[in-house]
Amino acid sequence: MISVGIQRAVRLGIRSLLLHKLRSALTTLGVLFGVSSVIAMLAIGEGASEEAQEQIRRLGSQNVILRSVKPNEENASSGARVLTFGLTHEDYDRIVNTFPGVKGAVPIREIPDEVRHGQIEITPRVLCTTPDYLRVTGREMSRGRFISEVDEETIANVCVLGHETARELFPLKDPLDERVRIGADYFRVVGTLLPRVRLMGDAAEAGSEVTGEIFIPRSTGSSWWGEMLARRRAGSFDMQEIDYHEIIVDVGDQDNVLFVANACREMLARNHKTRDYEIVVPLELMLRREETKRIFNIVLGSIAGISLLVGGIGIMNVMLATVTERTREIGIRRALGAKRRHIVTQFLVETVVLSVGGGLLGIVLGLIIPTAIEHFANMRTIVTPDAPIFAFMISAGIGVIFGIYPAWRAANMDPVEALRHE
Amino acid sequence: MTNNGDSSIVAELEAVSRVYQMGETRVEALADFSFQFQQGDYWAIMGSSGSGKSTLLNLLGCLDRPTSGRYLVRGTDVDELDDDDLSDLRSRELGFIFQSYNLIPQLDLLENILVPILYQDNPDPGAEDRARTLAERVGLGDRIHHLPSELSGGQQQRAAIARALINDPALILADEATGNLDTQTGQEILELFDELHAEGKTILLVTHEPEVGDRAEHVMRLSDGRIESVVRKGDKS
Ligand SMILES: Nc1ncnc2c1ncn2[C@@H]1O[C@H](COP(=O)(O)OP(=O)(O)O)[C@@H](O)[C@H]1O
Ligand SMILES: [Mg+2]
């Protein structure tokens, strides 16, 4: 019974509003834009944050990543033909052997050499690493296997191809058990990796060797390439002596990450004269990112709140005008037996219809905008299912809150005065 | 609180006054007014402008309350009713007809006729059929889905009469019901009133036109909020 009454009230409300189509349409605009901007901004914020979190997560929230960084030219001993810097074997040993809370560490050394198969020659990152790499980074195999302990011990000439490298070197055939040449030596392909989740922040397309990777055992790398790495730069050779380009410290327990990170910081500061390293703590980045997101959400919430408030005030303003304009109608209804609550309901329903109507259109627009942004601006957006629901409830709430006063004004008019109006 | 001594009394006013206080000035729109309106009477209430006709009608219609004195509708003292009870009373016992028709613009004729039913707590399920019948009766059977703006003044007023009849009221109150109509259309409306009177309805018609007054059964003249004269045609003949 009640729902039938409400249905009728809504129907009549819509008809009253349709009497002034343009005015009603304009009135809903405030809530419409408010709601759609809330949804759109939430979607953009959520997308950006998800993107960043994804990037950070890929580094591993349980890891501490140490990287070698070429020191500033001035600091480097000038004139020296060989530049020695970065993470050392000693650093690695200290971390693995003496740090409490460290489960293991994966060293990575990058070799500047080209990779060939038949006519195809590319320059992916040639990475010398240990079997743990796979587990610690959470990468997954597509085919075959990763570098094994046996490979490491036997200094085997085997390699594992990253997804892009595999595609480029073997566009037509199965790379497994094929041979590729790295520098002057031949390596047997024992496996290929699955692509990393592509993120929009990544280098745009395949063909860019930057993202290509090829993995060989650490021991093999050391024995073929030795300590010295020659890097071709601007026509001349640039000799560098770097033990490790990167050490991924696997802490295993997220609770110990910050502790281990600090220990690494102190240890490196003590043992390195120049700042030829950097420390990346994905967890810290993540936490910082969470904080940024929280602030972002607060700012966003305030902006959205203000725009919705403005929308609500707009509706209230129009409803107050409507009530005045329809004073006579109110008088007639009262004379014909309408109680105060009937009048309150009538105007409240009209306000809620306006705001919810604006809200619904706002949701539609709010769902279109992120899609458009994704399409045209190549930005990731995520519309969480609760955003439209939230927006809908907010718009209904606005209708009630900003409708109460006009409705109350209407209901408390003196019937005789109201009938005499105009 | 009830006075069922004479059930043929529809509305009874006992020493009613209605005072408007506007700053320093005090207007006694109705002063020490006592009268009984009997069931089935057809009254024309006349008097110059400002004599208190509308004030009286508003009080009788429970849209307003006396400043002092008692007003009983079918034996119930209005003073003992709250705002909701008065609304209830209006939706069940009273029928209003206004000078400017006062149909609700966004509702079609049928819906307009049904408005009083809308506000009843337990509406009669047959009301819609009755509304159609009433529309037929006032000659608007083929117009029930028209909006008021699509009708002439006379048609609108006839719709308003149908609306006043939908709840089978104890008392029909008409304030200058023909005031906005030309003579011809006014006559048609008055004929409707005659019919209603013949059916035994109680009608109070406020007017300042003598010709209209002549049509009524009885005539009451007001002056400065008091009864100036009462002419009962039954007495005359
Ligand atoms: N709301 C009001 N405030 C002040 N004075 C009023 C009000 N309503 C009516 N009056 C006064 O009461 C008197 C009677 O008015 P009314 O009943 O409308 O007269 P009529 O309908 O006979 O022309 C007039 O003097 C009028 O000015
Ligand atoms: Mg008057």
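Residues numbered from 1 in each chain as written. Chains lettered and ligands numbered in written order. Predicted model: local features only at pLDDT ≥ 70, side-chain atom pairs only at ≥ 80, totals over all residues. Heavy atoms only, no water.

Remarks on the packing of helix H5 (residues 153-165) of chain B against helix H6 (residues 183-198) of chain B
To describe two helices that pack against each other, one gives the angle between their axes and the distance between the axes.
Residue and element names in this part refer to chain B.
Reasoning step 1: At a minimum axis separation of 9 Å, H5 and H6 run at an interaxial angle of 20 degrees. Classified by the angle their axes make, H5 and H6 are roughly parallel. Both H5 and H6 take part in a crossing whose hand is right-handed. Of the residues in H6, those touching H5 at Gly-154, Gln-157, Arg-158, Ile-161 and Leu-165 are Thr-185, Glu-188, Ile-189, Leu-192, Phe-193 and Leu-196. (Axes fitted to C-alpha atoms, helices over the stretch in contact; angles between N-to-C directions. Helix = DSSP H or I, 4+ residues; strand = E, 2+ residues; numbered from the N terminus. Parallel < 35°, antiparallel > 145°, perpendicular 65-115°, else oblique. Left-handed = near helix turned anticlockwise from the far one by under 90°. Contact = heavy atoms within 4.5 Å.)

Description of the interface of chain A and chain B
Reasoning step 1: On the side of chain B, 25 residues touch chain A, which itself brings 24 residues to the contact.
Reasoning step 2: For the pair chain A and chain B, the two sides together bury roughly 2,300 Å², of which 54% comes from carbon and sulfur.
Reasoning step 3: Considering only the side of chain A, the residues that lose the most area to chain B are Arg-333, Leu-336 and Lys-339 of chain A, jointly responsible for 28% of the buried surface there.
Reasoning step 4: At the junction of chain A and chain B, the tally comes to six salt bridges.
Reasoning step 5: Linking chain A with chain B are 13 residue pairs in polar contact (both at pLDDT 80 or more). (Buried area = accessible area lost by both parts, 1.4 Å probe. Salt bridge = Lys/Arg side-chain N within 4 Å of Asp/Glu carboxyl O. Polar contact = N/O pair within 3.5 Å; in protein donor to acceptor, adjacent residues only side chain to side chain.)

Side note on H5 of chain B
Reasoning step 1: Here H5 of chain B contains 13 residues, and its C-alpha end-to-end distance of 18 Å stays within 8% of the 18 Å for a straight helix at 1.5 Å per residue.
Reasoning step 2: Summarising burial for H5 of chain B: twelve of the 13 residues are buried, a large majority.
Reasoning step 3: Here H5 of chain B has its buried residues at Gly-154, Gln-155, Gln-156, Gln-157, Arg-158, Ala-159, Ala-160, Ile-161, Ala-162, Arg-163, Ala-164 and Leu-165 of chain B.
Reasoning step 4: Those residues of H5 of chain B that are buried are in contact with helix H10 (327-335) of chain A together with strand E6 (94-97), helix H3 (109-118), helix H4 (127-137), strand E7 (171-175) and H6 of chain B. (Expected span 1.5 Å × (residues − 1). Buried < 20%, exposed > 50% of the residue type's maximum accessible area, 1.4 Å probe, protein only.)

A closer look at the domain arrangement of chain A
Reasoning step 1: Domains assigned within chain A are domain 1 (2-55 + 288-420) and domain 2 (63-252).
Reasoning step 2: For domain 1 of chain A and domain 2 of chain A, the distance between their C-alpha centres works out to 57 Å. (Domains from an automatic or database assignment.)

Notes on the sheet that holds strand E9 (residues 218-223) of chain B
Residue and element names in this part refer to chain B.
Reasoning step 1: Taken together, the six strands give an open sheet; going across it, the order is E6-E7-E8-E3-E9-E10, and neighbouring strands pair in mixed fashion. In this open sheet, the two edge strands, each paired with only one partner strand, are E6 and strand E10 (226-232). The mean inter-strand angle of the sheet, taken between neighbouring strand axes irrespective of direction, is 20 degrees.
Reasoning step 2: Relative to strand E8 (residues 203-206), E7 runs parallel, the two sharing four bridges. Paired with Asp-175 across the bridge in E8 is Val-206.
Reasoning step 3: Those strands touched by helix H1 (residues 53-60) are strand E3 (42-47), E6, E7, E8 and E9, and its axis lies near 150 degrees from that of E7. (Pairing = 2+ DSSP bridges.)

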